[in-house]
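A closer look at the structure
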Amino acid sequence: MSARLIDGKKIAADLRAAVALDVDELAETRKITPGLAVVLVGEDPASQVYVRSKGKATLEAGMKSFEHRLPAGATQAELLDLVQRMNADDAVDGILVQLPLPAHIDANAVLDAIRPDKDVDGFHPINAGKLAVGRPALVPCTPWGSMRLIRAVEPKLAGKRAVVLGRSNIVGKPMAQLLLAADCTVTVAHSKTNDLAAVAREADILVAAVGRPAMVGRDWIKPGAIVIDVGINRVPTPDGKGRLVGDVDFAAASDVAGAITPVPGGVGPMTIACLLENTVRAAKLRRGLALT
Ligand code: NDP
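Nothing here was measured: the structure is a model prediction, and the numbers come from that model.

Thresholds applied
Residues numbered from 1 in each chain as written. Predicted model: local features only at pLDDT ≥ 70, side-chain atom pairs only at ≥ 80, totals over all residues. Heavy atoms only, no water. Pairing = 2+ DSSP bridges. Helix = DSSP H or I, 4+ residues; strand = E, 2+ residues; numbered from the N terminus. Axes fitted to C-alpha atoms, helices over the stretch in contact; angles between N-to-C directions. Contact = heavy atoms within 4.5 Å. Salt bridge = Lys/Arg side-chain N within 4 Å of Asp/Glu carboxyl O. Buried < 20%, exposed > 50% of the residue type's maximum accessible area, 1.4 Å probe, protein only.

In spatial order, the strands read E3-E2-E4; together these three strands make up an open sheet with parallel pairing. Unpaired on one side and paired on the other, strand E3 (64–70) and strand E4 (94–97) mark the two borders of the sheet. Taken over all neighbouring pairs, the strand axes of this sheet differ in orientation by 15° on average, direction set aside. As paired strands, strand E2 (residues 35–41) and E4 are joined by four bridges and run parallel to one another. Along E4, the bridge assignment pairs Val 38 with Leu 96. Each of E2, E3 and E4 touches helix H3 (residues 76–88); the most contacted strand, E2, lies at about 180° to it.

Take a look at the structure:
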């Protein structure tokens, strides 16, 4: 392996420590303790793990955590009613509705109902629009965390060629907006892109967010490129437990890339750290306080 390993665990731990200091200062100087409310509908095992770890991290940062669990059969009206109550609750600074929602619930209607200034996932169209036109916004946590990882190895991004594989509203599109805002020249590729490998090979910064195990091989990577692997895919193992792999063939890519994130231990830990950071940002923005 010649590539430098981008240690998401360490960078996320540093960010969480900085957030905890910020929370202490808010409590001391303003008597404010930010609160994050997380809603889980149904019993999806992966979502349960995510919700539990978000609640734990929130408490560890010194903030208040509110967990709401609704049964899989909850109606859209019940969920919207809960969102309205959280919107009105002064103790709640951030609201996160864990996705995916059951098929009978219109996820867009629910995301649209969240107050934009409490939308710590950054999925509300108002926040997506603000990001697109370059105004301060609550930015989706996974791309925001990925930007932090990129900057950890390359602070000078202006003029770099960036390629984002994937165009979802949650990862690909906001990632492209953030890279563009950092003065990169950005290409967004997707399932209809011709000769994906050739497109990817142009990248000084390659972000893979497609959800296809080890799709990005050695010949997709420009020598020396920064490779950010957002993908989280569970693949079968002989013991039946399965293991997590990214969208990048890590061993092969490590021989060519200049720097690379592992899976797990790369982007994943940053997502939760940035959620905590967004909650503090939301608490400050709602009260008109300056952001640090
Ligand atoms: P989506 O399924 O919403 O989007 C996937 C994107 O990849 C789409 O734009 C799709 O193209 C594109 N795509 C799919 N297959 C191919 C292919 N064969 N070639 C080229 N493009 C392809 O996924 P998400 O954006 O939500 O997530 C992407 C990955 O990131 C997943 O593995 C997910 O688990 C992971 N993830 C990780 C997080 C973390 O914290 N680390 C957080 C969120 C997601 P098209 O639009 O044409 O269909």
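So much for the structure itself; the text now carries on.
What follows is about the pattern of salt bridges. Inspection of the entire model under this criterion finds 14 salt bridges. Notably, a salt bridge pairs Lys 56 with Glu 60, separated by 3.4 Å at the nearest N-O pair. Placement of the pair is Lys 56 and Glu 60 together in helix H2 (residues 45–60), with a separation of four residues, close to one helical turn. Note that Arg 286 and Asp 93 form a salt bridge whose closest N and O atoms lie 2.7 Å from each other. Here Arg 286, found in helix H10 (residues 267–286), pairs with Asp 93, found in the loop between H3 and E4; they are 193 residues apart in sequence, far enough to count as distant.

Once that is clear, we can look at the environment of Ala 46. Assignment of secondary structure puts Ala 46 in helix H2. Considering only alpha carbons, one finds Ala 46 and Asp 219, 173 residues apart in sequence, at a separation of 33 Å.

It is worth spelling out unusual backbone geometry at this point. Trans is the prevailing form of peptide bonds, just as negative phi is the prevailing case for residues other than glycine. Pro 100 follows Leu 99 through a cis peptide bond whose omega is 0°. Take Pro 100: it is sitting in the loop between E4 and helix H4 (107–113). Residue Pro 264 follows Val 263 across a cis peptide bond; omega there is 0°. Within the fold, Pro 264 resides in the loop between strand E11 (259–260) and H10. Of note in this structure, Lys 31 is not a glycine but carries a positive phi near 60°. You can see Lys 31 is positioned in the loop between helix H1 (8–30) and E2. With relative accessibility at 70%, the residue Lys 31 sits in the exposed group. In the Ramachandran plot, Asp 183 falls in the positive-phi region, its phi being about 70° despite a non-glycine side chain.

Purely geometric numbers; function is a separate question.
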